[in-house]
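Close look at the chain arrangement
What follows is the residue order along each chain.
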Amino acid sequence: MADSGADTPDMARRVQAAEWLQRLDEGAFTAHEQDAFDAWLALPANADALVAMQGLLQALGAIGEERDVITMRKEALCDFEEPGRQRRRGVRGVWRGRAVPLAIAASLVLAVLGAMTMVSWSAPWGPLWGDTRYATQVGERRAFALDDGSQITLDGNSAVQVAFDRHARSIVLERGRARFTVAKDAARPFTVTAGNRTVLAIGTSFSVEMLGSQVHVRLFEGKVSVLTGRQPDKAALLLARPGHFPLAGVPDMVPGEELVAPAGQPVAPTITHFRVATGDTWESGELVFEDTPLAQAVERVNRYASQPVRLGSGDVAGIRVNGVFQAGDTRAFTDGLTALYPLLVEHTDQGLRIVRRPAP
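This section reports on the structure supplied with the text. None of the values given here were measured: they were computed from a predicted structure.

Overview of the layout of surface pockets
Taken as a whole, the largest pocket holds about 530 Å³ of empty space. What lines the largest pocket is a set of 26 residues, among which Arg218, Glu258, Glu290, Thr292 and Arg300 lie closest to the centre. Those elements that place two or more of their residues in the lining of the largest pocket are β10 (214–221), β12 (257–262), β13 (270–273), β14 (286–293) and α8 (294–302). Tallying contributions element by element places β14 first for the lining of the largest pocket, with eight residues. Classifying every residue of the lining of the largest pocket by side-chain character gives seven nonpolar, 10 polar and nine charged.

What about the side chain of Gln296?
Looking at the element boundaries, Gln296 is found in helix α8. At 3.1 Å, the side chain of Gln296 and the side chain of Gln214 are in polar contact. For Gln296, the residues in contact, after removing those within four places along its chain, are Leu211, Gln214 and His216.

Observations concerning the sheet that holds strand β18 (residues 351–356)
In spatial order, the strands read β15-β18-β17; together these three strands make up an open sheet with mixed pairing. Of all strands in the sheet, those bounded by a partner on one side alone are β15 (309–311) and β17 (343–348). On average, adjacent strands in this sheet sit at an angle of 30° to one another, irrespective of strand direction. Taken together, the six bridges between β17 and β18 define a ladder with antiparallel strand orientation. When the sheet's bridge partners are listed, His347 is paired in β18 with Leu352. Across the sheet, α8 touches β15, β17 and β18, and the angle it forms with β15 is around 160°. Lying over the sheet, helix α9 (residues 330–340) contacts β15, β17 and β18, oriented at roughly 140° with respect to β17.

Re the pairing of strand β8 (residues 197–201)
Judged by how many residues are buried, β8 sits mostly within the fold: five of five residues are covered. Along β8, one buried face is formed by Arg197, Val199 and Ala201 and the opposite face, lined by Thr198 and Leu200, is buried too. Strand direction decides the pairing type here: strand β7 (residues 190–194) and β8, joined by five bridges, are antiparallel. Within β8, the position partnered with Phe190 by the bridge is Ala201. Connecting the antiparallel pair β7 and β8 is a turn made up of two residues, with Gly195 showing a positive phi of about 60°. In this sheet, strand β11 (residues 225–228) lies alongside β8 in antiparallel orientation, the contact comprising four bridges. Bridge pairing in β11 links Arg197 to Thr228.

Description of the sheet that holds strand β9 (residues 205–211)
Read across the open sheet, the seven strands follow the order β2-β3-β6-β9-β10-β12-β13; overall the sheet is antiparallel. Since the sheet does not close on itself, it has two edges, and those belong to β2 (142–145) and β13, each with one partner. Pairs of neighbouring strands in the sheet enclose a mean axial angle of 20°, with direction left out of account. As paired elements, β12 and β13 share four bridges and run antiparallel to each other.

Rules used throughout
- Residues numbered from 1 in each chain as written.
- Predicted model: local features only at pLDDT ≥ 70, side-chain atom pairs only at ≥ 80, totals over all residues.
- Heavy atoms only, no water.
- 1 Å grid on protein atoms, 1.4 Å probe; cavity = no way out; pocket = protein on both sides within 12 Å on 5 of 7 lines; lining within 4 Å.
- Points joined across faces, edges and corners; volume = space filled by probe spheres on them.
- Helix = DSSP H or I, 4+ residues; strand = E, 2+ residues; numbered from the N terminus.
- Nonpolar A, V, L, I, M, F, W, Y, C, P; charged D, E, K, R; others polar.
- Polar contact = N/O pair within 3.5 Å; in protein donor to acceptor, adjacent residues only side chain to side chain.
- Contact = heavy atoms within 4.5 Å.
- Pairing = 2+ DSSP bridges.
- Axes fitted to C-alpha atoms, helices over the stretch in contact; angles between N-to-C directions.
- Buried < 20%, exposed > 50% of the residue type's maximum accessible area, 1.4 Å probe, protein only.

Here is the structure:
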């Protein structure tokens, strides 16, 4: 069989890309490996090769069971094992002493590409596990384990749409609030989109909340970046790594930071701080308000209220409230408001209404 061209710069770059993909799949880099990867990725041709190799390897998997392709794979493997034995030892680089099955696959790709005209197939760009929707009702909290080992905890009256495929783990927060504990998978970044904001992570713990017209992101562990606009395409997501998000254009968040941004406008977000120790108390049924606008406090209370609370006029929405309440105990919340603030609670057919107390 003729030489496949593995000594050409393009083929060497593909083999290197395959090796980096294998290392990405294995988990976090050491500092030395991270520097080496960054230096290699700095060349645009290498970045293109990384994305292209990911697609080619997935295509190889899609047609790998076809009879003609199996034969060609065996021929290519034999060709790679014999005359290429010395050549392989020269491309191990930082992976000295370890087998490189993806590098072998890179060479097989060249042979398989010749078979594509003979085989009817479709590239596996669609969902691998399909879409799944998780939701809670008013007054309900639930935790869900995902297929990759990640976990989602939903607040009351909340919903997310989950779509996993071979390239990315994508979630859309439809309403409410969710806490995400993300399993590490460097080859498939984990994104959560709310409004026009996308949180980009790989292995970390954070929450995302739709609150009125705002998106709130709280980071508990690890690092995330919050992007504005549409979600990055799969090729771009492939290049995302912990602590290194080239698409973000903004510094990564660190634990204890809360990002607040309009849900539908490309306005610069604000970063505040929260107490990590109390930032997730809602998961155990406790609502903690610390200088929280009344409108936001009411929205959170209503996720558990059988009788919803409404604001009678806009002039009370901005009142800052403080306190700790049990989720679902609407009576304690309204009693606290009337005791501490110049407010009254009216009972109506639509529920409870909070209005400002008339001046004496």
